[in-house]
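Chain by chain, the residues:
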Amino acid sequence: MIGYIVVGMAFGLLVQNTGLNFLWAGLISLTVYAGSMQFVMINFLSGANGLLEIALVTFIVNMRHMFYGLTFINRFKNMGSKKPYMIFALTDETYALLCSTKVPAGVDAGTFFFCIALLNQIYWISGTLIGALFGSMLSLDTTGIEFTMTALFAVICTEQWLSFPTRIPALIGLICAVFSLSIFGATNMLVPAMFAIILILTALKPILETKIATLEAEEIRQCKQQL
Amino acid sequence: MQTTTIANLLLIITVVSLVTIFTRTLPFLFFSGDKQPSKYVLYIGNILPPAIMAMLLIYSIRFETPFKYPFGLPALISIFFVVLLHVWKRNNLISILVGTVCYMLLVQVIFIVK
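These numbers were taken from a predicted model, which means no experiment stands behind them. (Residues numbered from 1 in each chain as written. Chains lettered and ligands numbered in written order. Predicted model: local features only at pLDDT ≥ 70, side-chain atom pairs only at ≥ 80, totals over all residues. Heavy atoms only, no water.)

**Student:** Could you clarify how one ought to interpret the overall build of chain A in this entry?
**Tutor:** A count of helical and extended segments in chain A gives twelve helices and zero strands. Counted from the first residue to the last, chain A has its helices and strands arranged as α-α-α-α-α-α-α-α-α-α-α-α. Dimensions along the principal axes, computed over C-alpha positions, put chain A at roughly 50 × 50 × 30 Å. When the 227 residues of chain A are sorted by exposure, 50% land in the buried category. Across chain A, the fraction of contacts at a sequence separation of at least 24, relative to all contacts at a separation of at least 6, is 74%. Carbon together with sulfur atoms contributes 68% to the accessible area of chain A, which is approximately 9900 Å² in total. Across chain A, the mean location of the 11 positive side-chain charges is 13 Å away from that of the 11 negative side-chain charges. (Helix = DSSP H or I, 4+ residues; strand = E, 2+ residues; numbered from the N terminus. Buried < 20%, exposed > 50% of the residue type's maximum accessible area, 1.4 Å probe, protein only. Contact = heavy atoms within 4.5 Å. Areas by Shrake-Rupley, 256 points an atom, 1.4 Å probe, with all protein chains shown as cover. Lys, Arg positive; Asp, Glu negative; His and termini not counted. Charge placed at Lys NZ, Arg CZ, Asp CG, Glu CD.)

And the structure:
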């Protein structure tokens, strides 16, 4: 929960730093509601990228969310009018919380899930607004504050480097990005890098598949067991 | 940083929002408990996140100048610091906050680009 407020604040601060006020930051956290993608999106606010490119990047960066849904297909089935919001709000944090929190005895599971998801987004939006307003009052030199984004991705990469069953995908991502940056330049590097990554990972499927097979089975089993 | 027109901003936000909703809705539209996506899609979905995050790490430092002063040193030093701190403490808040302050000090005080 604290984590969501803090990262939300960083996001708000960075939007403020582009010159847009807190209402824009709040609007994005309300309608997009996707941690990493919102940070990537700050780079698109200059208007230098085409909409098709933005759509493609969003799809690939958020692709993991498709798999969160798979775990919850049966669980969300009976949630009626709350179901669309549950699907909309299925972020990394909410997924992790839904997987790790036990429904208290005597409480309707659907209502409990809905409250978790809603509270998470309220924390996220609150953090965003606090960060943006804080940024607008900040009178010190903010040169370099954009590094917050790099620090966030460095933290995520470190976590994955330590816990993911194989480090090959991370290295492939790194190498493809560096090559794409040097060939296509800063503005256009994402799409070629994404295609190269998917192509290479596809080619390496026979080797890597066995390494992550355990991960997949273990993660889904743990999550289903909790539910 | 320069930002685009209000209409274009709204358009960008709408696109990102709709595509995000689309990725989250997909499994609920096409799959059920016993109908699973193909082995290939499952494989890519599981293997992709570390690769994409590494790509985004590079993307976030794309404006650094590796062949010109300060040779990307502020970013490299700060990333090294974040990773070290994170391996040691495993605390997101500390890693991000201290890393950002480190970078800001480096670019404002030590590696000044005129």
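**Student:** Would you explain the side chain of Asn43(A) in this entry?
**Tutor:** When you line up the elements, Asn43(A) lands in the loop between α3 (35-42) and α4 (51-61). In terms of polar contacts, Asn43(A) uses its side chain to reach the backbone carbonyl oxygen of Phe39(A), at 3.4 Å. Polar contacts involving the side chain of Asn43(A) include one to the side chain of Arg62(B), which spans 3.2 Å. If sequence neighbours within four positions are ignored, Asn43(A) has contacts with Asn49(A), Met149(A), Tyr59(B) and Arg62(B). (Polar contact = N/O pair within 3.5 Å; in protein donor to acceptor, adjacent residues only side chain to side chain.)

**Student:** What exactly am I supposed to notice about the pattern of salt bridges here?
**Tutor:** It is possible for side chains bearing opposite charge to pair when their charged atoms get close. If you walk through the whole model with that rule in mind, you get three salt bridges over all chains. With its nearest N and O atoms 3.0 Å apart, the salt bridge here joins Arg90(B) to Glu159(A). Here Arg90(B) is found in the loop between α3 (73-89) and α4 (92-110), whereas its partner Glu159(A) is found in helix α9 (residues 147-163) on a different chain. Judged by relative accessible area, which is 26%, Glu159(A) ranks as partly exposed. (Salt bridge = Lys/Arg side-chain N within 4 Å of Asp/Glu carboxyl O.)

**Student:** How should α4(B) be read in this particular structure?
**Tutor:** Helical periodicity: at 3.6 residues per turn, an α-helix aligns residues three or four positions apart in one direction. Taking 1.5 Å per residue as the helical rise, α4(B) with its 19 residues ought to reach 27 Å, and the 26 Å between its terminal C-alpha atoms agrees with that figure. When α4(B) is considered as a whole, its buried residues turn out to be Ser95(B), Ile96(B), Gly99(B), Thr100(B), Cys102(B), Tyr103(B), Met104(B), Leu106(B) and Val107(B). Structurally, α4(B) contributes buried residues whose contacts are with α9 of chain A together with α3 of chain B. If you check the start of α4(B), you find a side-chain oxygen 2.9 Å away from the backbone N of Leu93(B), and it comes from Asn91(B). (Expected span 1.5 Å × (residues − 1).)

**Student:** Quick question: what am I supposed to make of the environment of Gly69(A) here?
**Tutor:** Considering the arrangement of structural elements, one finds Gly69(A) in helix α5 (residues 64-76). For the pair formed by Gly69(A) and Gly19(A), sequence separation is 50 residues and the distance between their alpha carbons is 36 Å. If we skip the residues at most four places from it in the chain, Gly69(A) touches Leu90(A), Pro27(B) and Phe28(B).

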